[in-house]
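The lines below spell out each chain.
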Amino acid sequence: VVLRDTTISTDRHNAKSDIFTFVKCQMIMPPLPTLPRAEISSLKANLTHAIGSKNPSAASSAVELPPFPSVTADAFLDRELGEATPGSNAVHGEMLKVDGVDWSNVFNALLDTHAAIRTNDLAKVYEAQSSFHSAFNHTFGSYKGNWLIPALHVVCRNTHKAAVLADKAVNRIKNTRNDHARLHSAVTLLQASYSKTLNDRVDMRRNEPLSEDGSKKVGVLYIVNQLFSMYFELNTLRLCKNLLKPVESRGIHESGSIGEMVTYRYYVGRLNMFEDQYDLAEKNFDYALRHCHKSASANKKRILNYLVPVKLLRGRLPTIKLLEKYSLNEFLPLLNGMRTGNLMEFSDGLMKNQDLFIRRGTYLLLEKCKMICYRNLFKRVYKIIGKEQIRLEMIARSFKWLGMPIDLDEVECILANLIFKQYIRGYLSHAKRVLVLSKKDPFPTSKVIKS
């Protein structure tokens, strides 16, 4: 059912249609179906065994979910769309107690999530999963050690995924793009998981095996990465700062698995980039690329989507072979334009892929690379003329030859900026409209290529 505006139309035919649509959308649907007894018994046995044996791998497998349904335009939501209400659709009432700890709420919420997945209603899936996550957070805090960390990671990952899919389904039905209510709700659940792991009083030791005596802090970095991803999706980057200081002051960012540390550096690099800290961004992206698994081509491409613009701005041009290897063809005209000073090719390439660069958040950064393109263009003019004194009219002719005519005042403004940035050594004579270049290294490479 596609939700429509339920305002009653003055036209009789449209009014009937709108009323029918409204009634159809408000129908009371039956609650979640209960799972077959055999499946309930199997899930119960798996969870009981995992908890009783304190087996980290078995615990993570016991809370894993079947594949989520896909986002479809005709997915049916049986209630007014809004924020999820944990527990509102609970249908299972099983009892489960292991080692004196009541796991009934966790188990019933897990069963409800399995049942919700069968309905193909992603909003219901998220409601059930959020109830499960909330119950798991509560029970997680009552256990010592870190053997439940892999299970917590599975729960956090599934909550994040369910929230994203549910928001997409709701947005398609409402024909909107900005409803992120479920993702906002999921952030709160993951923040609670983050707090329970970070505030553990047991000191963390490197390469410590998961056990009943280990520190829960070993689970922090994975959850931080999930939260980073959610904050970037919600465009709430200011919240990332709340995670950086606690993690880095304790050295947790250097104590995770290679995959977790690579992901962490990737997100911190993006954060550095948006704060114009390009030297730190380059270091973090370089680390992520060097330590990324050799067969993870898709992840390497994601890193290069941001590393290449930072490198370009800092005067380090990638090879064409690298760009072609990872299908980063959108950077080819920018690379060629910067290398040869072809401002037209650079501008056309930037305009052609403008939407892509804006979505990534790299458009303004790449726009700054135009100054290097200007510098290389003027260097070519200097080599052709072969003199330290160049009339601005000659430079203006190069722009006209490229099909981008500008007046002498604009040329003077561009040159003044390049001299200020020390990309060019020399000075301008405004009265004579002449650029006077230094006789020694008028185009210093060291000022363009940052160390």
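K.L.:
An account of the side chain of glutamine 129 is needed here, citing residue identities and associated values.
P.N.:
For glutamine 129, the position within the fold is in helix α5 (residues 122-140). Taking relative accessible area as the criterion, glutamine 129 reaches 1% and is therefore assigned buried. A polar contact is formed between the side chain of glutamine 129 and the backbone oxygen of valine 155, at a distance of 3.3 Å. Discounting chain neighbours no more than four positions away, the residues touching glutamine 129 are Leu65, Thr113, Val155, Asn158, Thr159 and Ala162.

K.L.:
Residues and numbers for the nonpolar core, please.
P.N.:
With 132 residues, the main nonpolar core has Trp103, Phe136, Phe378 and Ile395 as its most contacted residues. The leading source of residues in this core is helix α6 (residues 149-174), at 12 residues. What tryptophan 103 contacts, discounting residues up to four positions off in sequence, is Leu47, Ile51, Leu96, Lys97, Val98, Phe136, Thr139, Tyr143 and Leu148.

K.L.:
Please set out the pairing of strand β5 (residues 434-437) residue by residue, giving values where relevant.
P.N.:
Burial along β5 is two-sided: Val434 and Val436 and Leu435 and Leu437, pointing in opposite directions, are all buried. Bridging between strand β3 (residues 389-391) and β5 involves three bridges; their strand directions are antiparallel. Bridging across to β5, isoleucine 390 finds its partner in leucine 435. Relative to β5, strand β4 (residues 426-429) runs antiparallel, the two sharing four bridges. Each residue of the ladder has a partner; that of glycine 426, found in β5, is leucine 437. Between the end of β4 and the start of β5, which pair antiparallel, lie four residues, with arginine 433 showing a positive phi angle near 55°.

K.L.:
Quick rundown of the packing of aromatic side chains? Include the residues and the values.
P.N.:
Applying the stated rule across the entire model yields 18 aromatic pairs. Ring geometry for tyrosine 382 versus phenylalanine 443: centroids 5.6 Å apart, planes at 45°, classification tilted. Taken together, the residues span a long stretch of sequence, with tyrosine 382 in helix α18 (residues 370-385) and phenylalanine 443 in the loop between β5 and α21 (445-448) at a distance of 61 residues. Directly above the aromatic system of phenylalanine 140 lies the positively charged group of lysine 216, at a separation of 5.4 Å from the ring centroid.

K.L.:
Go over the confidence of the model for the protein chain with me, naming the residues and quoting the values.
P.N.:
Here the protein chain averages 87 in pLDDT, while 89% of its residues score no lower than 70. Helix α8 (residues 220-234) holds the highest mean pLDDT among the elements of the protein chain, 96, whereas helix α1 (residues 12-25) holds the lowest, 43. Here residues 78-87 is a poorly scored stretch, pLDDT under 50, and it has 21 contacts once near neighbours within four places are set aside; other chains count.

K.L.:
An account of helix α2 (residues 37-53) is needed here, citing residue identities and associated values.
P.N.:
Between the first and last C-alpha of α2 there are 24 Å, a value that for 17 residues agrees with the 24 Å anticipated at 1.5 Å per step. Here α2 has its buried residues at Ile40, Leu43, Leu47, Ala50 and Ile51. For α2, the buried positions fall inside an angular range of 105° around the axis, keeping them on one side. Pointing more than 90 degrees away from the buried face of α2 are the exposed residues Arg37, Ala38 and His49. In the core, the buried residues of α2 are packed alongside α3 (56-62), β1 (97-98) and α4 (104-119). Looking one or two residues beyond α2, the residue adopting positive phi is lysine 54, at roughly 55°.

K.L.:
Requested: an account of the sheet that holds β3, with residues and values cited.
P.N.:
Pairing in this open sheet of three strands is antiparallel, and the strands run β3-β5-β4 from one edge to the other. A strand with exactly one partner marks an edge of an open sheet, and here the two such strands are β3 and β4. The mean inter-strand angle of the sheet, taken between neighbouring strand axes irrespective of direction, is 20°. Contacts from helix α20 (residues 408-420) reach β4 and β5, with the element oriented near 155° to β4.

K.L.:
Mind laying out the packing of α8 against helix α9 (residues 241-249), listing which residues take part and the relevant values?
P.N.:
Following both chains from N to C, one finds α8 and α9 inclined at 160°, their axes separated by 11 Å at the closest point. With respect to α9, the element α8 is oriented roughly antiparallel. The chirality of how α8 crosses α9 is left-handed. Where α8 abuts α9, its residues Val220, Leu221, Val224, Leu227, Phe228 and Tyr231 lie against Leu243, Leu244 and Val247. Counted by class, the contact of α8 with α9 contains nine nonpolar, no polar and no charged residues.

K.L.:
Residues and numbers for the pattern of salt bridges, please.
P.N.:
According to the stated counting rule, one finds 22 salt bridges in the structure shown. Between lysine 241 and glutamate 275 there is a salt bridge, and its shortest N-O distance comes to 3.4 Å. Taken together, the residues span a long stretch of sequence, with lysine 241 in helix α9 and glutamate 275 in the loop between α10 (258-274) and α11 (278-291) at a distance of 34 residues. Exposure remark for glutamate 275: the relative accessible area of 33% places this residue in the partly exposed category. For glutamate 282, the salt bridge identified is with lysine 311, shortest N-O distance 2.9 Å. Taken as a pair, glutamate 282 in helix α11 and lysine 311 in helix α12 (residues 297-313) lie far apart in primary sequence, 29 residues in all.

Rules used in this analysis
- Residues numbered from 1 in each chain as written.
- Predicted model: local features only at pLDDT ≥ 70, side-chain atom pairs only at ≥ 80, totals over all residues.
- Heavy atoms only, no water.
- Helix = DSSP H or I, 4+ residues; strand = E, 2+ residues; numbered from the N terminus.
- Buried < 20%, exposed > 50% of the residue type's maximum accessible area, 1.4 Å probe, protein only.
- Polar contact = N/O pair within 3.5 Å; in protein donor to acceptor, adjacent residues only side chain to side chain.
- Contact = heavy atoms within 4.5 Å.
- Core = buried A, V, L, I, M, F, W, Y, C linked by side-chain atoms within 4.5 Å.
- Pairing = 2+ DSSP bridges.
- Phe/Tyr/Trp six-rings, centres within 6.5 Å; stacked < 30°, edge-to-face > 60°.
- Lys NZ or Arg CZ within 6 Å of the ring centre and 35° of its normal.
- pLDDT = per-residue confidence, 0-100.
- Expected span 1.5 Å × (residues − 1).
- Arc of directions from axis to C-beta.
- Axes fitted to C-alpha atoms, helices over the stretch in contact; angles between N-to-C directions.
- Parallel < 35°, antiparallel > 145°, perpendicular 65-115°, else oblique.
- Left-handed = near helix turned anticlockwise from the far one by under 90°.
- Nonpolar A, V, L, I, M, F, W, Y, C, P; charged D, E, K, R; others polar.
- Salt bridge = Lys/Arg side-chain N within 4 Å of Asp/Glu carboxyl O.

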